[in-house]
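Each chain is listed here by its residues.
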Amino acid sequence: MSEKLIELGKKAAAEKAVEENVKPNMILGIGSGSTVVYAVNKIAEMNKEKDLNLKCIPTSYQSYKLIIENGLNLVSLDQFPVIDLDIDGADEIDKNLNLIKGGGGCLVQEKIVASNSKKFIIIADFRKVSKNLGENWKKGVPIEVIPMAHVPITRKLQKLGGKPVLRMAQSKSGPLITDNGNFIIDVDFGIINNPSELNDKILPIPGVVDTGLFLNMAFKAYIGQEDGKIVILKK
Ligand code: 5RP
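Values in this document were obtained by computation on a predicted structure and should not be read as measured data.

What counts as what
- Residues numbered from 1 in each chain as written.
- Predicted model: local features only at pLDDT ≥ 70, side-chain atom pairs only at ≥ 80, totals over all residues.
- Heavy atoms only, no water.
- Core = buried A, V, L, I, M, F, W, Y, C linked by side-chain atoms within 4.5 Å.
- Buried < 20%, exposed > 50% of the residue type's maximum accessible area, 1.4 Å probe, protein only.
- Helix = DSSP H or I, 4+ residues; strand = E, 2+ residues; numbered from the N terminus.
- Contact = heavy atoms within 4.5 Å.
- Phe/Tyr/Trp six-rings, centres within 6.5 Å; stacked < 30°, edge-to-face > 60°.
- Disulfide = S-S within 2.5 Å.

A. The nonpolar core, seen in detail. Core analysis: the largest hydrophobic core is formed by 24 residues, its most contacted members being V22, L28, I30, I43 and I123. Listing elements by their share of this core, those giving two or more residues are α1 (3-21), β1 (27-30), α2 (34-49), α3 (61-69), β3 (83-88) and β6 (117-125). Among the elements that line this core, the one with the most residues is α2, at five residues. Once residues lying within four places of it in the same chain are set aside, the contact partners of I123 are A13, A14, A17, T35, V36, A39, I87, D88, G89, A90 and Y222. In this structure, I100, W137, V187 and L215 belong to the second largest nonpolar core, which totals 20 residues.

B. Up close: the packing of aromatic side chains. With the rule as written, the count across this model stands at two aromatic pairs. Centre to centre, the rings of Y61 and Y64 are 5.8 Å apart; their planes meet at 35°, and the pair counts as tilted. One end of the pair, Y61, and the other, Y64, are both in helix α3, three residues apart, so they sit about a helical turn from each other. Its relative accessible area of 33% is what places Y64 among the partly exposed residues. Measuring from centroid to centroid gives 6.3 Å for F120 and F214, while their planes differ by 35°, and the two rings are tilted.

C. Focus on the state of the cysteines. Evaluated as defined, the whole model comprises zero disulfides. Free cysteine C56: the closest other cysteine sulfur is in C106, separated by 17 Å. Of the residues examined, C106 reaches a relative accessible area of 13% and is grouped as buried.

D. Focus on unusual backbone geometry. In the Ramachandran plot, N53 falls in the positive-phi region, its phi being about 55° despite a non-glycine side chain. In this fold, N53 is placed in the loop between α2 and β2 (55-58). When its relative accessible area of 35% is taken as the criterion, N53 is described as partly exposed.

Structure (structure tokens):
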């Protein structure tokens, strides 16, 4: 699949989602990843044409910088704990709009922001959609963990039937450190038939901060196709 068609799909989805959903005076959650960059560019373009008085809450260091670099108004959850709209990408989207997120390592803040948003919208390209989670996204479910607990957590994840791999940093020896100072374990569970049951088994393990399973959270997904058209999936 050509990179150019993938980028076309991401851009089309992001721009359509912004055009249809971003309104003046909104408190916005800004997701993370490469697709979100197109959304923020579009928001900034609309905001330059006419000041929309938006307030943006980041979900990572990446989106914090994106907000600032695009001249948008950066605020925090402390100031605005109820968000009107959160726009974010995903690594996989199933038929019920359940998601795997965290490919970019930002799942914890992404889930906090999404869970405090009245509307949570996904933007993605055509490669991300599948019937069941685990079908297309083969890198496993990202799980953020407290560093000193990663070995016992790994053993417990194996007992749950997963194949855990500690995510390593790039251009630095050792594990990747998240924006929250934690590690990420990517766990391949194969095809996940019951994501809710799996999530319920992982979350209580001491030292698990959160999982990249975003269940019953998104209400709409804009999926950009190879030809630049958009398919909208709804709950
Ligand atoms: C980061 C995420 C991203 O939203 C997800 O990885 C999708 O990224 P991209 O838009 O680059 O495909 O969950 O933690």
